[in-house]
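Now for the letters of each chain:
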Amino acid sequence: MFYLSLKTQHQSDVAHMAYFPEGDVEPDFMKEVIQELAREKQWIPARFHEAIDLGNLHSGNQWGEYLKWCEGVIAAYQTKREAIYKKRVLLSAKFEQHAGEVFNDSLHDGEIVQVVRADDEVTLFLDMSGGFTSKAMIQLTFKGAVETGELARDYVYDELVEIGSGYALRVLSGHPYEQWTIVFQEVEARFVFRPKAYAERE
């Protein structure tokens, strides 16, 4: 149902860490990168683990193969993210006007300041002063909602899909990521603008 997950996002992040196809990288910097890859090894194919552990991934025979893996992950992620955005725009047109306007924008880099749960409703309050929308404060109320997972404070990535019984939204939040999914029948939104602050960010 979803493309976005802890695995796909972590793999994309890791693929960008050491993707240096030009080849000329300062040795001390590459050593630090390899150490970081060692900490993220669970998201990297097992065939590269030994070279990472030995610290010779960049100088060994597997470097070209590793770059190809990075290229494949990055290309697939970009293609999927474009499809996710197009789907989001189409689905937002089915929501009530204000909710449609919210989901037409990105919620990336928003701050989740409060979550209120009552019966089958879940309400998120987001401070978007650090985000990429002209809406400064957003209130999203999901109705007929069932949620799984955890939410951290920083709203990072999301994916919106339509399912047989309504809609579902997956959110990756925080650092390290937490994964949260909410299935809902409908969503309502309220928001206020802060045009001057948005213009300053631009």
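Heads up: the structure comes first, above all this text.
We now turn to the structure provided with this report. Just so it is clear, the structure is predicted and the values come from calculations on it, not from any experiment.

Definitions and limits used
Residues numbered from 1 in each chain as written. Predicted model: local features only at pLDDT ≥ 70, side-chain atom pairs only at ≥ 80, totals over all residues. Heavy atoms only, no water. Helix = DSSP H or I, 4+ residues; strand = E, 2+ residues; numbered from the N terminus. Buried < 20%, exposed > 50% of the residue type's maximum accessible area, 1.4 Å probe, protein only. Lys, Arg positive; Asp, Glu negative; His and termini not counted. Salt bridge = Lys/Arg side-chain N within 4 Å of Asp/Glu carboxyl O. Contact = heavy atoms within 4.5 Å. Expected span 1.5 Å × (residues − 1). Arc of directions from axis to C-beta. Polar contact = N/O pair within 3.5 Å; in protein donor to acceptor, adjacent residues only side chain to side chain.

### Quick look at the side chain of Glu-40
- Of note, Glu-40 is situated in the loop between α2 (27-39) and α3 (49-54).
- There is no salt bridge for the buried Glu-40, and the closest opposite charge comes from Arg-39, which lies 6.3 Å off by N-O distance.
- Beyond its immediate sequence surroundings of up to four residues, Glu-40 is in contact with His-10, Val-14 and Met-17.

### Thoughts on α2
- With 13 residues, α2 extends 19 Å between its outermost C-alpha atoms, agreeing within 8% with the 18 Å of an ideal straight helix rising 1.5 Å per residue.
- Listed as buried for α2 are Met-30, Val-33, Ile-34 and Leu-37. Looking straight down α2, one finds its buried side chains confined to an arc of 100 degrees; they lie on one side. Turned more than 90 degrees away from the buried face of α2 sit Asp-28, Lys-31, Glu-32 and Arg-39, all of them exposed.
- On its buried side, α2 packs onto α1 (6-17), α3 and α4 (63-92).
- You can read the cap of α2 off the contacts: a side-chain oxygen lies 3.1 Å from the backbone nitrogen of Asp-28, and it is on Glu-26.

### Quick look at the pattern of salt bridges
- In this structure the tally under the stated criterion is 9 salt bridges.
- The residue Lys-94 makes a salt bridge to Glu-162 at a minimum N-O spacing of 2.9 Å. Remark: Glu-162 occurs in strand β5 (residues 154-163) and Lys-94 occurs in the loop between α4 and α5 (97-104); sequence separation between them is 68 residues.
- Classification of Glu-162 as partly exposed rests on a relative accessible area of 42%.

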